[in-house]
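Here is how the chains run, residue by residue.
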Amino acid sequence: MEALGYTFHDESLLKRALTHPSMGREDNQRLEFLGDAVLQLIMSETLYRTHPVDREGSLTHLRALLVCEAELSQIARSLGIGGALIMDKGEELTGGREKPSVLCDAMEAVLAAVYLDGGMDAARRIVEKNWPRPEEVRRPMQDSKGALQEKLQRDGGEAPTYEILGQTGPDHEPLFEAAVYRYGKELARGTGRTKKLAEQAAALKALEGAQSAQV
């Protein structure tokens, strides 16, 4: 994979990273798990260093945008990872090489392979070379609900749902409280001057919790 810009000492790591679960036990899922953590740490360090005045919520939101499925799958496409994947015919015939979830998982696995082969500095160079700069993907905080849904549905499970729990304050300046749930379990609560802003705040709190649990 010349486009990656890294030469492996142990090429079996790259082969494992490119092996889809349809091929059996020797797949890339364990590497995907590690790669997710490596990427989270690199992005956390980068944002901490480059955004010295941002608060935790803003940093969490921006990191979520940089490590989301849409971003990772796009980077994987630019590197030609889809064409290099090792998968069975059934998965290939159903468009497996172009599925965002498959490409995202493979990208994380490849990053983990680089980390195991060359260390954190090598992995950091891959991210610096291939990921967009944070300011290039900055979007409004109103994307929190979309970012949370994308993160939670990577496993194909249930989408989060929201409930307005109540309203306080005078009619001309209300404050709403919202909760976000998944599988009937409350993930977080947030408040806002409108119902939509309260839901966004709850989604951001849930994102913060999910990201903190992984780093």
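Everything here concerns the structure above.
The model shown is predicted, which means the values in this text are computed figures rather than measured ones.

## Remarks on the packing of helix 4 (residues 69-79) against helix 7 (residues 100-118)
Okay, so step 1: Two numbers describe how helix 4 lies on helix 7: the axes approach to 8 Å, and their chain directions differ by 75°. When the axis of helix 4 is compared with that of helix 7, the two are roughly perpendicular. Of helix 7, the residues touching helix 4 (which contributes Glu69, Leu72, Ser73, Ile75, Ala76, Arg77 and Leu79) are Pro100, Ser101, Leu103, Cys104, Met107 and Glu108.
Okay, so step 2: Residue composition of the contact of helix 4 with helix 7, by class: 8 nonpolar, 2 polar and 3 charged.

## Some thoughts on the pairing of strand 2 (residues 175-182)
Okay, so step 1: For strand 2, the buried fraction is high: 6 of the 8 residues fall into the buried class.
Okay, so step 2: Bridge analysis of strand 1 (residues 161-168) against strand 2 gives 7 bridges, and the strand direction is antiparallel. Each bridged residue has a counterpart across the sheet, and for Gly166 the counterpart in strand 2 is Glu177.
Okay, so step 3: Taken together, strand 1 and the strand that follows it, strand 2, pair antiparallel across an intervening segment of 6 residues, in which Gly169 is found at a positive phi of about 85°.

## Describing the packing of aromatic side chains
Aromatic ring pairs are reported here in terms of the distance separating the ring centres and the angle at which the planes meet.
Okay, so step 1: Per the counting criterion, the structure on display carries 1 aromatic pair.
Okay, so step 2: For the pair Tyr6 and Phe8, a centre-to-centre distance of 4.9 Å together with 90° between the ring planes defines the contact as edge-to-face.
Okay, so step 3: For Phe8, a relative accessible area of 9% corresponds to the buried category.
Okay, so step 4: In this structure, Lys145 is placed above the aromatic ring of Tyr162, and the distance from its NZ or CZ to the ring centre is 4.5 Å.

## Side note on the pairing of strand 3 (residues 185-192)
Both faces of the sheet carry side chains from a regular strand, because those side chains alternate between them.
Okay, so step 1: In terms of strand pairing, strand 2 meets strand 3 through 7 bridges, oriented antiparallel. Within strand 3, the position partnered with Arg182 by the bridge is Lys185.

## Concerning unusual backbone geometry
Okay, so step 1: The phi torsion at Tyr183 lies on the positive side, around 55°, for a residue other than glycine.
Okay, so step 2: Position of Tyr183 relative to the elements: it lies in the loop between strand 2 and strand 3.
Okay, so step 3: By relative accessible area, Tyr183 is classed as exposed at 53%.

## Some details on the nonpolar core
Okay, so step 1: Among the nonpolar cores identified, the biggest contains 40 residues, and Ile81 and Met107 are the most heavily contacted of them.
Okay, so step 2: For this core, the element with the highest residue contribution is helix 7, accounting for 11 residues.
Okay, so step 3: For Met107, the residues in contact, after removing those within four places along its chain, are Leu72, Ile75, Ala76, Leu79, Ile81 and Trp131.
Okay, so step 4: In terms of nonpolar packing, the next biggest core, distinct from the first, is built from 10 residues, Ala147, Leu148, Ala188 and Ala203 among them.

## Notes on helix 7
Okay, so step 1: Relative to the 27 Å expected for 19 residues at 1.5 Å per residue, helix 7 spans 27 Å between its end C-alpha atoms, a close match to the ideal helical length.
Okay, so step 2: Looking at the residues trailing helix 7, positive phi occurs at Gly119, about 90°.

## Focus: the environment of Leu165
Okay, so step 1: Relative to the assigned elements, Leu165 resides in strand 1.
Okay, so step 2: When the C-alpha atoms of Leu165 and Gly57 are compared, they prove to be 22 Å apart, with 108 residues separating the residues in sequence.
Okay, so step 3: In this structure, Leu165 is in contact with Glu177, Ala178, Ala179, Tyr181 and Arg189, ignoring residues within four places of it in sequence.

## Quick word on the packing of helix 2 (residues 29-50) against helix 7
Okay, so step 1: Between helix 2 and helix 7, the shortest axis-to-axis distance is 7 Å and the interhelical angle comes to 80°. Between helix 2 and helix 7, the angle falls in the class roughly perpendicular. Counted together, Leu31, Glu32, Leu34, Gly35, Asp36, Val38 and Leu39 of helix 2 and Asp105, Glu108, Ala109, Leu111, Ala112, Ala113, Tyr115 and Leu116 of helix 7 form the full contact between these two elements.
Okay, so step 2: Of the residues belonging to the contact of helix 2 with helix 7, the class tally is 10 nonpolar, 1 polar and 4 charged.

## Some thoughts on the pattern of salt bridges
Okay, so step 1: One pass over the structure, following the stated rule, counts 9 salt bridges.
Okay, so step 2: A salt bridge links Glu26 to Arg16; its shortest N-O distance comes to 2.4 Å. With Glu26 in the loop between helix 1 (11-17) and helix 2 and Arg16 in helix 1, this residue pair connects regions lying 10 residues apart in the sequence.
Okay, so step 3: What makes Arg16 partly exposed here is its relative accessible area of 30%.
Okay, so step 4: Residues Arg124 and Glu45 are paired through a salt bridge, measuring 2.7 Å at the closest nitrogen-oxygen approach. Of this pair, Arg124 sits in helix 8 (residues 120-130) while Glu45 sits in helix 2; the two residues are 79 residues apart in sequence, bridging distant segments of the chain.
Okay, so step 5: One network of salt bridges, with partners in common, ties together Glu45, Asp121 and Arg124.

Quick notes on the rules
Residues numbered from 1 in each chain as written. Predicted model: local features only at pLDDT ≥ 70, side-chain atom pairs only at ≥ 80, totals over all residues. Heavy atoms only, no water. Axes fitted to C-alpha atoms, helices over the stretch in contact; angles between N-to-C directions. Helix = DSSP H or I, 4+ residues; strand = E, 2+ residues; numbered from the N terminus. Parallel < 35°, antiparallel > 145°, perpendicular 65-115°, else oblique. Contact = heavy atoms within 4.5 Å. Nonpolar A, V, L, I, M, F, W, Y, C, P; charged D, E, K, R; others polar. Buried < 20%, exposed > 50% of the residue type's maximum accessible area, 1.4 Å probe, protein only. Pairing = 2+ DSSP bridges. Phe/Tyr/Trp six-rings, centres within 6.5 Å; stacked < 30°, edge-to-face > 60°. Lys NZ or Arg CZ within 6 Å of the ring centre and 35° of its normal. Core = buried A, V, L, I, M, F, W, Y, C linked by side-chain atoms within 4.5 Å. Expected span 1.5 Å × (residues − 1). Salt bridge = Lys/Arg side-chain N within 4 Å of Asp/Glu carboxyl O.

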